[in-house]
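Residue-level listing of the chains:
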Amino acid sequence: MKHQLLAAVVLACGFAMQTHAACDYPVAPGKFPDGNSASLDEMKAAKASVVKYNADMEAYLECIKTEYDAKVAAQTDATPQQKAEMEKVQTQKHNAAVDEVTEVTNRFNEQLRAYKAKAAADKDKKPS
């Protein structure tokens, strides 16, 4: 019985912490390998980091939307100006995150195009 009670308390605390946790902004992948000299494994690892980053950013965007919706719902006495300011801040956060994802994806795609061009050129050089 004590174990069940302890488990229930731990579970409840976990839910409470999640409910009040701030949204964590994902860390963008660092430098990508040079597509002109990278190996296939390096490019696969870079792709995996971009895919994970994109998924993390999607979770962040969902989190800030949930936080915003809750804040708006809780501010029943907010003036139109206050609501407009909350919406402005939300839009700025969202747009900054989307801009960063786009920039990271573009950097990776640039290296991926270079890698594919190098691979195609190497394939053409091979004797038949």
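See the structure printed just above.
Remember, it's a predicted structure, so these values are computed and weren't measured experimentally.

A. Expanded view of the pattern of salt bridges. In total, this model carries four salt bridges according to the counting rule given. Between lysine 52 and aspartate 56 there is a salt bridge; the shortest N-O distance is 2.7 Å. Of this pair, lysine 52 and aspartate 56 both sit in helix α2 (residues 40-74), separated by four residues, roughly a single helical turn. Overall, aspartate 56 belongs to the partly exposed group, its relative accessible area being 31%. With its nearest N and O atoms 2.9 Å apart, the salt bridge here joins lysine 65 to aspartate 69.

B. A look at the environment of valine 72. For valine 72, the location among the structural elements is in helix α2. It is 7.8 Å that separates the C-alpha atoms of valine 72 and methionine 86, two residues lying 14 residues apart in sequence.

Cut-offs applied
- Residues numbered from 1 in each chain as written.
- Predicted model: local features only at pLDDT ≥ 70, side-chain atom pairs only at ≥ 80, totals over all residues.
- Heavy atoms only, no water.
- Salt bridge = Lys/Arg side-chain N within 4 Å of Asp/Glu carboxyl O.
- Helix = DSSP H or I, 4+ residues; strand = E, 2+ residues; numbered from the N terminus.
- Buried < 20%, exposed > 50% of the residue type's maximum accessible area, 1.4 Å probe, protein only.

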